[in-house]
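Geometric and topological summary
Letter by letter, the chains look like this.
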Amino acid sequence: MRIAFLALAVAAAAISPAFAAAHPSGDDSTALIDACRAPESATRTVPGIAVADIPAAAGDLPGLLIRDATNQAEARLYYEPAFEQMARAHAPCWGAMLRDLAQVVPETRLGIRWASIVLTSDRDYVPPRDGTDARWTALVDGDEAHLEQFLFLVMPHEETHSVQTARRDGLPRWFEEGHAEWAALQVTALVRPEVAAAQRARHAAAATDADAHLGAWGSMRVSPEAIRRQLSPEDQQRFDKDPDFDPPGPFHFGPGDIVSDESNLETRYAAALALFDALEAAHGTSAVREWIAAVLADPEADPVALARTMLGEDLTPLLA
Ligand SMILES: [Zn+2]
């Protein structure tokens with residue numbers, strides 16, 4: 001799989017020169033980096049980002065409403081009272097990260113509402129179910145590294161998913177995850193370069209483990225356990241030891257035996273990111289963003305077909 005990706009990048013580079021990464025730059029990035037450099041030591045302001053209080057409703061936590069005047073987007077950061085200062089210190093940074101994420105995703109719609117974050121020490125926190133909000137729990141338990149990972153790595157990834165979900169359904173899993181990781185790491189690299197580098201190193205290690213079979217990710221298949229329980233004890237042993245063992249049927253399956261193919265996840269995340277990286281290396285960031293925008297804009301659009309027409313790339317060997 002890794003060789004195939006390298007081949008893709010090299011072949012594509014031969015016919016189309018690589019462009020310099022076109023990351024949002026200048027004032028926006030400077031404000032973002034400043035706001036996120038030391039969120040605990042000082043509350044920094046970011047031009048165009050306003051933070052207002054959300055008084056606690058009955059049975060709910062207080063929060064902060066973060067509004068971005070440049071794209072009218074809104075985000076909410078709820079907090080247990082003990083973490084009020086932490087919330088206030090992180091809010092401008094979080095707003096700036098979301099502004100940057102909107103550019104890299106790209107999310108061009110104005111006035112979107114991002115998924116919310118809750119700062120809590122309660123592992124079992126359950127948000128009020130008012131049906132309008134998705135809240136992600138940032139566990140504040142003194143483990144600063146955990147909180148850093150969550151805010152600066154996990155949340156940009158999950159917020160990319162929230163854009164995908166708002167725009168359309170029916171996206172293949174490899175596209176959802178590759179896009180989310182690719183977009184998120186661009187933001188992470190600006191505000192926490194060491195966190196982004198560590199994540200890329202993890203992906204690089206996982207990429208070599210096995211074939212990713214990206215195209216089958218999330219597809220429906222028969223659970224291996226549903227087959228295993230119908231085998232003789234001898235065949236069960238062989239089934240457990242030999243991945244190539246194809247036990248003879250017939251088998252009977254019920255509805256609970258059909259599961260989504262979620263195997264080999266680490267390799268698949270890595271391979272999905274590598275696919276987006278390879279396209280970016282070959283065609284430049286702007287072209288990849290245009291491809292993504294076209295995929296998100298049309299509920300019927302097939303990313304593979306659009307990669308062929310817009311980028312001249314045949315992705316099918318990479319999804320096999
Ligand atoms: Zn994901």
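Structure: above.
The shown structure was predicted, so the numbers you read here are calculated from the model rather than taken from an experiment. (Residues numbered from 1 in each chain as written. Predicted model: local features only at pLDDT ≥ 70, side-chain atom pairs only at ≥ 80, totals over all residues. Heavy atoms only, no water.)

1. Topic: the overall build of the chain
Regarding its fold elements, the chain presents 12 helices and seven strands. Looking at the chain residue by residue over its 320 residues, the buried ones come to 46%. The long-range share in the chain, meaning contacts at least 24 apart out of those at least 6 apart in sequence, stands at 67%. (Helix = DSSP H or I, 4+ residues; strand = E, 2+ residues; numbered from the N terminus. Buried < 20%, exposed > 50% of the residue type's maximum accessible area, 1.4 Å probe, protein only. Contact = heavy atoms within 4.5 Å.)

2. Quick look at the coordination of the zinc ion
Within the first shell, the zinc ion binds the protein through His-157 (NE2), His-161 (NE2) and Glu-177 (OE), at distances of 2.0 Å. Of note, the donors binding the zinc ion are all from one chain and are spaced H-x3-H-x15-E. One end of the pair is His-157 and the other is His-161, both in helix 4 (residues 144-167) and four residues apart, which spans about a single turn. His-161 matches His-157 in its accessibility class, with the two residues each being buried. (Donors = N, O, S within 2.8 Å, 3.2 Å for Na, K, Ca; no water.)

3. Here's the deal with the environment of Asp-143
With respect to the element layout, Asp-143 can be found in the loop between strand 5 (135-139) and helix 4. Looking at Asp-143, the relative accessible area reads 40%, which means it is partly exposed. Reaching out from Asp-143, the side chain makes a polar contact with the backbone nitrogen of Ala-145 at a distance of 3.2 Å. (Polar contact = N/O pair within 3.5 Å; in protein donor to acceptor, adjacent residues only side chain to side chain.)

4. Details of the state of the cysteines
All chains considered together, the criterion is met by one disulfide. Bridging Cys-36 to Cys-93, the disulfide has an S-S length of 2.0 Å. Looking down the S-S bond of the Cys-36 and Cys-93 bridge, the torsion is 105°, so its handedness is right-handed. In this pair, Cys-36 is assigned in helix 2 (residues 27-37) and Cys-93 in helix 3 (residues 84-104), connecting sequence segments 57 residues apart. (Disulfide = S-S within 2.5 Å.)

5. Overview of the sheet that holds strand 4 (residues 116-120)
Strand order in the open sheet formed by five strands is 1-2-3-4-5, and the pairing between neighbours is mixed. Pairing within the sheet leaves two strands with one partner each, and these edge strands are strand 1 (49-54) and strand 5. Along the sheet, successive strands turn relative to each other by an average axial angle of 20°, direction set aside. Of the pairings in the sheet, the one linking strand 2 (residues 63-68) to strand 3 (residues 74-79) comprises five bridges and is antiparallel in character. Residue pairing in the sheet places Gly-63 in a bridge with Tyr-78 of strand 3. Most of the contacts of helix 3 go to strand 2, to which it runs at about 25°, and overall it touches strand 1, strand 2, strand 3 and strand 4. Against the sheet, helix 4 engages strand 4 and strand 5, with an angle of about 160° to strand 5. (Pairing = 2+ DSSP bridges. Axes fitted to C-alpha atoms, helices over the stretch in contact; angles between N-to-C directions.)

6. Observations regarding the packing of helix 3 against helix 5 (residues 173-191)
The angle between the axes and the distance between the axes are what describe a pair of packed helices. Direction vectors running N to C along helix 3 and helix 5 enclose 140°, while the axes themselves pass 9 Å from each other. Classified by the angle their axes make, helix 3 and helix 5 are oblique. The way helix 3 lies across helix 5 gives a crossing that is right-handed. Mapping the contact onto sequence places Met-97, Asp-100, Leu-101 and Val-104 in helix 3 and Trp-182, Ala-183, Ala-184, Gln-186, Val-187, Leu-190 and Val-191 in helix 5. Residue composition of the contact of helix 3 with helix 5, by class: nine nonpolar, one polar and one charged. (Parallel < 35°, antiparallel > 145°, perpendicular 65-115°, else oblique. Left-handed = near helix turned anticlockwise from the far one by under 90°. Nonpolar A, V, L, I, M, F, W, Y, C, P; charged D, E, K, R; others polar.)

7. Digging into the nonpolar core
Within the largest apolar cluster, 68 residues are counted, with the highest numbers of intra-cluster contacts made by Leu-119, Trp-174 and Trp-291. Here Leu-119 is in contact with Leu-77, Tyr-78, Tyr-79, Glu-80, Phe-83, Met-86, Ala-87, Ala-138, Val-140 and Leu-147, once residues within four sequence places are set aside. (Core = buried A, V, L, I, M, F, W, Y, C linked by side-chain atoms within 4.5 Å.)

8. Here we look at helix 10 (residues 285-297)
Residues that lie three or four places apart on an α-helix share one face, since the helix turns once every 3.6 residues. End to end, helix 10 covers 18 Å across 13 residues, agreeing with the expected 18 Å (1.5 Å per residue, within 8%). Turning to helix 10, its buried residues number three or more, namely Thr-285, Val-288, Arg-289, Trp-291, Ile-292, Val-295 and Leu-296. The buried residues of helix 10 occupy an angular sector of 160° when projected down its axis, which confines them to one face. Away from its buried face, by an angle of more than 90 degrees, helix 10 presents the exposed residues Glu-290 and Ala-297. (Expected span 1.5 Å × (residues − 1). Arc of directions from axis to C-beta.)

9. Comments concerning the environment of Trp-94
Here Trp-94 is to be found in helix 3. Overall, the relative accessible area of 4% leaves Trp-94 in the buried class. Between the alpha carbons of Trp-94 and Ile-117 there is a distance of 10.0 Å; along the sequence they are 23 residues apart. Among residues more than four places away in sequence, those in contact with Trp-94 are Ile-66, Ala-75, Ile-117, Leu-151, Met-155, Pro-156 and Glu-159.

The quantities given are spatial measurements derived from coordinates; they are silent on function.
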